[in-house]
Amino acid sequence: MKSIFYRDGYKYTLSSPFVVQTEIRPAEAIDTDFVSLLPDGLLKIRPGYAWDGATSAIDTPDVMRGALVHDALYQLMRGDWLDRFRWRDAADKLLRTLCLEDGMPHFRAEYIYQGVHLLGDPAADPKIEHPILQAPRDE
């Protein structure tokens, strides 16, 4: 077969490990191919992890770290490893905190936080998955 199969919706690939302390504390360790979250809140994201940057916002250096962490946490929620009803707000607040730490103006960080807080629930829903696409398509 000469087709390739790939997932849509990703723009960036992490090239080195990234570790951040969070307040999100699962009862048991979560370990997927690219993301680990320990019961003490330590989040580890491995090289090769793919994310889409700042969904519905401009990808600037002051949003990229927050977007990476936020997307990884939402992916754990979509995969049903992490309870979205318990932890989604904490993930949204962490996005805002990381953006502010990285020099984002408060107004923009709050705007981004409000956007994911009000509109982000479908992105954390386990029923949502990035589709697998084929190229070229078999006719």
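Source: prediction; values computed, not measured.

**Some words on helix H3 (residues 106–119)**
Taking 1.5 Å of rise per residue, 14 residues should cover 20 Å, and H3 covers 20 Å from first to last C-alpha, within 8% of that figure. Taken together, the buried positions of H3 are Ala109, Ile112, Tyr113 and Val116. Around the axis of H3, the buried residues are gathered within 100 degrees of arc, so they sit on the same side. For H3, exposure combined with an orientation more than 90 degrees from the buried face picks out Phe107, Tyr111, Leu118 and Leu119.

**Concerning the sheet that holds strand E3 (residues 18–21)**
Taken together, 4 strands build an open sheet; the order of strands is E3-E6-E5-E4 and the sheet is antiparallel. Two strands bound the open sheet, and with one partner strand each, they are E3 and strand E4 (30–31). Two elements, E3 and strand E6 (residues 42–45), share 4 bridges in a ladder whose sense is antiparallel. Looking at the pairing, Gln21 lines up with Leu42 of E6. Each of E3, E4, strand E5 (35–37) and E6 touches helix H1 (residues 61–78); the most contacted strand, E6, lies at about 100 degrees to it.

What counts and what doesn't
- Residues numbered from 1 in each chain as written.
- Predicted model: local features only at pLDDT ≥ 70, side-chain atom pairs only at ≥ 80, totals over all residues.
- Heavy atoms only, no water.
- Helix = DSSP H or I, 4+ residues; strand = E, 2+ residues; numbered from the N terminus.
- Expected span 1.5 Å × (residues − 1).
- Buried < 20%, exposed > 50% of the residue type's maximum accessible area, 1.4 Å probe, protein only.
- Arc of directions from axis to C-beta.
- Pairing = 2+ DSSP bridges.
- Contact = heavy atoms within 4.5 Å.
- Axes fitted to C-alpha atoms, helices over the stretch in contact; angles between N-to-C directions.

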